[in-house]
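# Structural characterization, general
Here is how the chains run, residue by residue.
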Amino acid sequence: MDKSSALEYINQMFPTVSAYVTAFTMIFKCVFSFTEASLTGVEPLMQKIQGEIRRVDASILSAVRQQSNSGTKAKEDLADATRAVEELSHKIQEIKSKAEQSEAMVQEICRDIKKLDFAKKNITTTITALHRLTMLVSAVEQLQVMASKRQYKEAAAQLEAVNQLCNHFEAYRDVPKITELREKLNNIKQILKSHVFSDFSSLGTGKETEETNLLQKLSDSCLVVDALEPSVREELVNNFCSRELTSYEQIFEGAELAKLDKTERRYAWIKRRIRTNEEIWKIFPASWHVPYRLCIQFCKQTRKQVESILVNMKEKPVVAILLLALQSTVEFEKELEKKFGGGVPTKDIEDDIEEIGTWEDNSQNISKIRKKYEKKFAASQETEENGFQQEKTGNKDLSVTGAGFNFRGMISSCFEPHLTPYIELEEKTLMDDLEKIVQEESWDVEDGSQNNVLSSSTQLFSNIKKSLKRCNTLSKNQTLFNLFKVFQRVLKAYATKLFFKLPKGGTGIVAAATGMDGQIKVSERDERVICYIVNSAEYCHKTSGELAENVSEIIDPHYADGVDMSEVQDEFSAVITKALVTLVLGLETKFDTEMAVMTRVPWSTLESVGDQSGYVNGINTVLSGSIPVLGKLLTPVYFQFFLDKLASSLGPRFYANIFRCKQLSETGAQQMLLDTQAVKSILLEIPSLARQTSTAASYSKFVSREMSRAEALLKVILSPIDSVADTYRALFPEGTPMEFQRILELKGLKKADQQSILDDFNKHGPGFTQQSVAAAMPQPMPTPPAPPLAITNPATAAGFIANSEDVLTRAAALGRGAASTGFKKFIALTEAAKDRKDGPLRRLFNA
């Protein structure tokens, strides 16, 4: 091979050697740099390298030998470990086998011992049973002797022991001897029972004073009764109560005392009986609750007798006697509740009734009352029903005072069907008081009053609260519900009186078509009275809701769902609406003079534009005299509603009044445009004038929208003849040819000149069909609500040439199909506004 082939072959076969050679070559090149002087050190270096190679070879050979020896030893160690495991497994098998043999040996040894153990256990049980049997036989014999001698104290302890011994022989009931002993024991118990009942029959006959040890003997006999079955105690207590009430039944079933006016004497009898025998009845254990049980029996018996008296009365009961009997009954039930537990404190309820009608912000009062009585009235829901249910179930739950039993209504509930005369008397009293307070009402509020509420409204609710407190002490069921219905009628009557107190006026077509007074003249005092009526109706609306909430918490839950004042609140809401509409109508009536002055101004002959006209000053004077008072007396919500109604009325009316004017020259139109802007400024200043600026922003937008129509109309009148049609189309896209013709007349064009412009106007078309005056009557606007006496459609302006057409238009705007009777007459006025999602009128309907 040549040199290059040999190097490649070596590198391919021995890559490591090639790498070493390359490395050594590089080292030599670096160290000696291939100089002749450096070549003298090559031989020692080579010797040193060869020595190192020999040393490495020796190390490799030693490592190979050592590895060979280690592999042989590992195999030997593995073989030794395998043999050790085999030996261990063999030893375990041997141990397991020996353990099995040992177990079998132990079982063989213990087999006889188990037999002996079972025999010992059976003998022990037999000895114990025989010993207890001997004790039972002896105890039964001793108990028989004690029963015959009436040794109750000793017999009670002995009976307890016998009962415990008998429990050990429950498994031997079929053994003849045990059966015989049980029969004998039952006979002894019957003897003890008969002796105890016989001894107790002498209680209350006067023997306890003759025999000094009788009470102690009876006290000991109670121990025997406790040792007997619970049914014996129930029977003994029931017999005792029945015997105690025998004389009561005989006394009060007689003709003399079986009367309604003698009801209080019944309760005096039982209280006297309990007080007299209190010391004697201490012989009964406290756990028996004998006075409590006696009172329950007394209440049941009294209820039957009183109910019989009420049903069999031939004439209508005297209300005074009926209420006196009911009052004494309720007080007696409260005394029993206080003595034996249960019931709800009446004082808390009366305090909550007193909170009704307070004008302060007490929105949390009703929720607090509700939470307070949620738990307290939970137990009282089962008053009378629980009592009769306990009577059916054997009074087994009456051993614990107040356990599921409530005295409230146990007797008094029988009066419920017979309290109609009381309700009639309450209604008559409330209605008479209503007439009196309305007659005495001054229809004024003292200066400095924060509420601005009529005294008649507060006095009315004061009378209602007194009536509610009276009924609350007597009944919380059907009678209270009937009284609540009376409250509804009384409040509706008061709402009617407020309604008819509002100023009236105007006759003819408007009043006949709408039921509203088209022309209402109101003085400053009338305006104040209307504001007082609005505030009083709002007070009644709020307080009637509080009254319903309070009654629903007091009344029995079965009647709570029927307690609702929504109809009454609707009545007062209607009064508020009527009153505010009346304010707008009254203020509009004051504008009649100024509107008439506006039509009499010689607009066609004005020579120059000057300051605002006199009728504008008149409008400003009217508003300045009324608005501050109304803003002071009305709440912000209702004042905002009033302003919206006023703006929606005055703006369209001013627009329609322009058509009533005769011919307008260019100067006259400019002067009227100036007056329109002045009226707009006056209307925008109303919130500041009334010192109620919270809603000024929304009101300003409303006024600007309403007055912009009048401004647009005057701009059309001021436009040149050749562009008047285009201007009208641009400013009034929904205008009518009839209204456009009237505009041409205001500009002073002759009929011949008008016809060509009208033909051109109709030719291009405004995008609508021509309508008649009747078809152009106002339609309801969803936003804002159509105000009274307002013309909401400019098409109607053409119909204002004659006064009769004006009246018909205003009647249509007011009525809109209104009903002819009742509150529906004026509710129709705001029907269109109900579709609004916001605004003061919407808030009024949601109040």
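Because the structure is a prediction, the values reported are computed rather than measured.

With that out of the way, let us pick up the overall build of the protein. Tallying secondary structure elements over the protein gives 32 helices and zero strands in all. Pairs at least 24 apart in sequence give 78% of the contacts found in the protein among residues at least 6 apart. Of the accessible surface of the protein, which amounts to about 45,000 Å², a share of 53% is contributed by carbon and sulfur atoms.

Between its terminal C-alpha atoms helix 15 (residues 420-439) stretches 29 Å, which fits the 28 Å expected from 20 residues at 1.5 Å a residue. Along helix 15, the residues that are buried comprise Pro 421, Tyr 422, Ile 423, Glu 426, Leu 430, Leu 434, Ile 437 and Val 438.

To continue, consider the packing of helix 3 (residues 42-149) against helix 5 (residues 176-200). At a closest axis distance of 10 Å, the pairing of helix 3 and helix 5 adopts a crossing angle of 25°. Considered as vectors, helix 3 and helix 5 are oriented roughly parallel to each other. Judged by the sense of rotation from one axis to the other, the crossing of helix 3 with helix 5 is left-handed. Between helix 3 and helix 5, the residues in contact are Leu 133, Leu 136, Val 137, Val 140, Glu 141, Leu 143, Gln 144 and Ala 147 and Lys 177, Ile 178, Leu 181, Lys 184, Leu 185, Ile 188, Ile 191, Leu 192 and His 195, respectively. Taken together, the residues of the contact of helix 3 with helix 5 break down into 12 nonpolar, two polar and three charged.

On to the packing of aromatic side chains, then. Tallying each qualifying case throughout the model produces 25 aromatic pairs. When the centroid spacing of 5.6 Å and the interplanar angle of 85° are considered together, the rings of Phe 240 and Trp 281 count as edge-to-face. With a gap of 41 residues between them, Phe 240 in helix 8 (residues 230-252) and Trp 281 in the loop between helix 9 (263-276) and helix 10 (290-311) connect regions that are remote in the sequence. As far as the burial class goes, Phe 240 and Trp 281 line up, both buried. With a centroid separation of 6.4 Å and an interplanar angle of 45°, the aromatic rings of Tyr 655 and Phe 732 are classed as tilted. Here the residue Tyr 655 occupies a position in helix 23 (residues 636-660), and Phe 732 occupies one in the loop between helix 27 (724-731) and helix 28 (737-746), the gap between them amounting to 77 residues. Judged on exposure class, the residue Tyr 655 and its partner Phe 732 are both buried. Members of the aromatic cluster, connected to one another through ring pairs, are Tyr 248, Phe 252, Tyr 267, Trp 269, Phe 298 and Phe 332. We note Lys 193 situated over the ring of Phe 197; from NZ or CZ to the ring centre the distance is 5.7 Å. The lysine or arginine in question, Arg 709, covers the ring of Tyr 655, its NZ or CZ lying 5.3 Å from the ring centre.

A positive phi is found at His 289, a non-glycine position, where the angle reads about 50°. With respect to the helices and strands, His 289 occurs in the loop between helix 9 and helix 10. Of note in the backbone geometry, Trp 443 takes a positive phi value of approximately 55° without being a glycine. Mapped onto the secondary structure, Trp 443 falls in the loop between helix 15 and helix 16 (455-472). For Trp 443, a relative accessible area of 10% puts it in the buried group.

Scanning the entire structure with this criterion turns up 21 salt bridges. Its salt-bridge partner being Glu 279, residue Lys 282 comes within 3.2 Å of it at the nearest N-O pair. Residue Glu 279 is classed as exposed on the basis of its relative accessible area, which comes to 56%. In this structure, Glu 567 engages Lys 492 in a salt bridge whose closest nitrogen and oxygen atoms are separated by 3.0 Å. You can see Glu 567 sitting in helix 21 (residues 566-600) and its partner Lys 492 sitting in helix 17 (residues 478-501), a full 75 residues away along the chain. Judged by relative accessible area, Glu 567 falls into the exposed class, the value being 51%.

Counting residues in hydrophobic clusters, the biggest one holds 129 residues, and the most contacted among them are Phe 415, Leu 623 and Phe 642. Among the elements that line this core, the one with the most residues is helix 21, at 14 residues. Of all hydrophobic cores here, the second largest spans 62 residues; its members include Leu 136, Leu 159, Leu 203 and Tyr 248.

In this model, helix 19 (residues 524-554) (31 residues) spans 45 Å end to end at C-alpha, consistent with the 45 Å of a helix rising 1.5 Å per residue. Counted residue by residue, helix 19 has 24 buried out of 31 residues, so it is predominantly covered.

With respect to the helices and strands, the residue Lys 282 is situated in the loop between helix 9 and helix 10. For the pair Lys 282 and Leu 215, spaced 67 residues apart in the sequence, the C-alpha separation amounts to 9.3 Å. One polar contact links Lys 282 to Glu 279, side chain to side chain, over a distance of 3.2 Å.

The contact between helix 27 and helix 28 brings their axes to 12 Å, and the two run at 130°. As the angle between them shows, helix 27 and helix 28 are arranged oblique. When the axes of helix 27 and helix 28 are compared, the crossing they make is right-handed. Along its contact with helix 27, which presents Val 724, Ala 725 and Tyr 728, the element helix 28 presents Glu 739, Phe 740, Ile 743 and Leu 744. Its residues assigned to classes, the contact of helix 27 with helix 28 shows six nonpolar, no polar and one charged.

Let us look at a nonpolar patch on the surface. Taken together, the side chains of Val 56, Ile 60 and Val 64 make up a nonpolar region of the molecular surface, amounting to roughly 250 Å² of accessible area. Assessed through its relative accessible area of 48%, Ile 60 is described here as partly exposed.

Below, the discussion takes up the confidence of the model for the protein. Per-residue confidence for the protein gives a mean pLDDT of 75, with 74% of residues at or over 70. Under a pLDDT of 50 for its full length, residues 359-404 has, in the predicted model, 70 contacts with residues more than four places off or in other chains. Note that pLDDT drops below 50 for residues 767-847; the model gives that stretch 151 contacts with residues more than four away or on any other chain.

Basis of the calculations
Residues numbered from 1 in each chain as written. Predicted model: local features only at pLDDT ≥ 70, side-chain atom pairs only at ≥ 80, totals over all residues. Heavy atoms only, no water. Helix = DSSP H or I, 4+ residues; strand = E, 2+ residues; numbered from the N terminus. Contact = heavy atoms within 4.5 Å. Areas by Shrake-Rupley, 256 points an atom, 1.4 Å probe, with all protein chains shown as cover. Expected span 1.5 Å × (residues − 1). Buried < 20%, exposed > 50% of the residue type's maximum accessible area, 1.4 Å probe, protein only. Axes fitted to C-alpha atoms, helices over the stretch in contact; angles between N-to-C directions. Parallel < 35°, antiparallel > 145°, perpendicular 65-115°, else oblique. Left-handed = near helix turned anticlockwise from the far one by under 90°. Nonpolar A, V, L, I, M, F, W, Y, C, P; charged D, E, K, R; others polar. Phe/Tyr/Trp six-rings, centres within 6.5 Å; stacked < 30°, edge-to-face > 60°. Lys NZ or Arg CZ within 6 Å of the ring centre and 35° of its normal. Salt bridge = Lys/Arg side-chain N within 4 Å of Asp/Glu carboxyl O. Core = buried A, V, L, I, M, F, W, Y, C linked by side-chain atoms within 4.5 Å. Polar contact = N/O pair within 3.5 Å; in protein donor to acceptor, adjacent residues only side chain to side chain. Patch = residues over 30% accessible without salt bridge, like charges linked within 9 Å, V, L, I, M, F, W, Y side chains within 5 Å. pLDDT = per-residue confidence, 0-100.

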